[in-house]
Amino acid sequence: MLIEKAARDLAAARNVVALTGAGISIGSGIPPFRGKGGLWEKFDPMQYASIDAFMADPEKVWREFIGELKVVIDNAQPNAAHMALARLERLGMLHTVITQNVDGLHQAAGNTTVIEFHGTFTRQRCTDCAALSATRDVDLSRLPPRCWCGGVLRPDWVFFGEMIPSVELDRARQSAAGCDLMLVIGTSALVQPAAYLPVIAREASARVIEINAEATPLTASVSDYLIQGKAEAMLDQILGALEALRPDGPPHPG
Ligand code: OAD
């Protein structure tokens with residue numbers, strides 16, 4: 001079975017990197033971008049998630065899009081998939097998480113080396129003085145919310161039309177090139193340059209294992225195999241199988 005195969009592949013690997021996307025946070029109540037119920041079904045990204053749209057009318061973007069997202073992300077908790085990746089790190093078997101998500105749930109679960117490829121929504125940044133503030137503390141009674149200096153606050157994420165910060169881009173590329181196993185979890189692999197990271201891993205002879213509810217453009221040509229299903233259930237089962245393989249066996253309850 002593929003679950004046991006993934007556990008064996010993880011046990012044999014020396015440098016494991018996980019690349020995650022919106023699918024891993026669906027179990028935490030955060031909608032994905034594409035597909036049924038996805039954010040881009042309701043919001044045209046060019047009108048709500050591009051830097052030009054934000055700068056042209058930040059009040060509208062906050063009122064109709066970002067404000068709603070704040071309520072969802074402020075209240076979200078890590079799910080079994082995030083917890084499984086944190087367990088994998090505690091076992092000394094996960095080097096780095098590269099995430100396209102902006103929800104901070106990998107860190108909340110306990111992962112310590114997380115590259116936030118598209119930035120984060122857990123912080124807001126002043127468009128004038130660049131001061132950062134925790135999103136939870138941002139007052140939405142007047143929109144757009146403002147910094148103490150009077151500048152408009154924006155999410156510390158990468159809007160469409162902005163570049164991936166070079167530090168994150170370089171770290172992510174190096175992690176992909178240096179790993180010998182990449183878990184690609186819950187991403188449609190349609191957005192570049194993130195979708196190229198598994199290709200870099202593959203070209204460096206790493207094994208690429210996808211965990212996704214459905215096949216993606218990577219499945220046929222880049223991934224070694226796809227474990228099809230919900231990340232919450234699949235990762236939990238893989239961790240169970242992996243812990244059973246270890247010489248000290250599965251952990252005792254309590
Ligand atoms: P998408 O919404 O494009 O894709 C989500 C993926 O998760 C799909 O492939 C689903 O099949 C899969 N999926 C759904 N439920 C799942 C589950 N329970 N377990 C595992 N997989 C599941 O999200 P991303 O690929 O993350 O960028 O999107 C990439 C980027 O596009 C985002 O970071 C964002 C967006 O535009 C920016 O905003 C810059």
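What to know about the layout of surface pockets
No. 1: Estimates place the volume of the largest pocket at around 1100 Å³.
No. 2: As for the largest pocket, its lining consists of 48 residues, of which Gly21, Ala22, Pro32, Phe33 and Arg34 are closest to the centre.
No. 3: Elements with a minimum of two residues in the lining of the largest pocket: helix H2 (39-42), helix H5 (58-74), strand E8 (207-212) and helix H11 (231-245).
No. 4: Take the lining of the largest pocket: its biggest share by element is three residues, from H5.
No. 5: In terms of residue class, the lining of the largest pocket is built from 26 nonpolar, 15 polar and seven charged.
No. 6: Taken domain by domain, the makeup of the lining of the largest pocket includes at least three residues from each of domain 1 (1-29 + 78-118 + 163-254) and domain 2 (31-75 + 123-157).

Describing the site of the ligand
No. 1: Around the ligand, the structure places 23 residues, and the nearest of them are Ala22, Arg34, Thr187, Ser188 and Asn212.
No. 2: Contact distances for the ligand include 2.6 Å between an oxygen atom and a side-chain N or O atom of arginine 34.
No. 3: Interatomic distance of 2.6 Å between a side-chain N/O atom of serine 188 and an oxygen atom of the ligand.
No. 4: For the ligand, whose accessible area on its own is 800 Å², the fraction buried by protein is 91%.
No. 5: One can see that the ligand is located within the largest pocket.
No. 6: Per-domain counts for the shell around the ligand show at least three residues from each of domain 1 (1-29 + 78-118 + 163-254) and domain 2 (31-75 + 123-157).

Looking at the domain arrangement of the protein
No. 1: For the protein, the assigned domains read domain 1 (1-29 + 78-118 + 163-254) and domain 2 (31-75 + 123-157).
No. 2: One C-alpha centre belongs to domain 1, the other to domain 2, and the line joining them spans 28 Å.
No. 3: Listed per partner, the contact involves nine residues of domain 1 and seven residues of domain 2.
No. 4: Taken together, both faces of the contact between domain 1 and domain 2 bury some 680 Å²; the carbon and sulfur share is 70%.
No. 5: Looking at the side of domain 1 facing domain 2, the largest losses of area belong to Ala22, Gly29 and Val102, adding up to 42% of the total buried there.
No. 6: Applying the counting criterion to the domain 1 and domain 2 interface returns zero salt bridges.
No. 7: Linking domain 1 to domain 2 there are zero residue pairs in polar contact (both at pLDDT 80 or more).
No. 8: Residue composition of the side of domain 1 that touches domain 2, by class: five nonpolar, three polar and one charged.

Things to note about unusual backbone geometry
Residues other than glycine predominantly adopt negative phi, and peptide bonds predominantly adopt the trans conformation.
No. 1: Residue leucine 143 is joined to proline 144 through a cis peptide bond whose omega torsion reads -5 degrees.
No. 2: Position of proline 144 relative to the elements: it lies in the loop between strand E5 (132-134) and strand E6 (153-157).
No. 3: A cis amide bond links glutamine 192 to the next residue, proline 193, at an omega of 5 degrees.
No. 4: In this structure, proline 193 sits in the loop between strand E7 (181-185) and helix H9 (197-203).
No. 5: Look at alanine 130: it is not a glycine, yet its phi comes out positive at around 70 degrees.
No. 6: Even without being a glycine, serine 205 presents a positive backbone phi close to 70 degrees.
No. 7: By relative accessible area, serine 205 is classed as exposed at 66%.

The rules behind each value
- Residues numbered from 1 in each chain as written.
- Predicted model: local features only at pLDDT ≥ 70, side-chain atom pairs only at ≥ 80, totals over all residues.
- Heavy atoms only, no water.
- 1 Å grid on protein atoms, 1.4 Å probe; cavity = no way out; pocket = protein on both sides within 12 Å on 5 of 7 lines; lining within 4 Å.
- Points joined across faces, edges and corners; volume = space filled by probe spheres on them.
- Helix = DSSP H or I, 4+ residues; strand = E, 2+ residues; numbered from the N terminus.
- Nonpolar A, V, L, I, M, F, W, Y, C, P; charged D, E, K, R; others polar.
- Domains from an automatic or database assignment.
- Near = heavy atom within 4 Å.
- Polar contact = N/O pair within 3.5 Å; in protein donor to acceptor, adjacent residues only side chain to side chain.
- Areas by Shrake-Rupley, 256 points an atom, 1.4 Å probe, with all protein chains shown as cover.
- Sits in = over half its atoms within 2 Å of the grid points.
- Contact = heavy atoms within 4.5 Å.
- Buried area = accessible area lost by both parts, 1.4 Å probe.
- Salt bridge = Lys/Arg side-chain N within 4 Å of Asp/Glu carboxyl O.
- Buried < 20%, exposed > 50% of the residue type's maximum accessible area, 1.4 Å probe, protein only.

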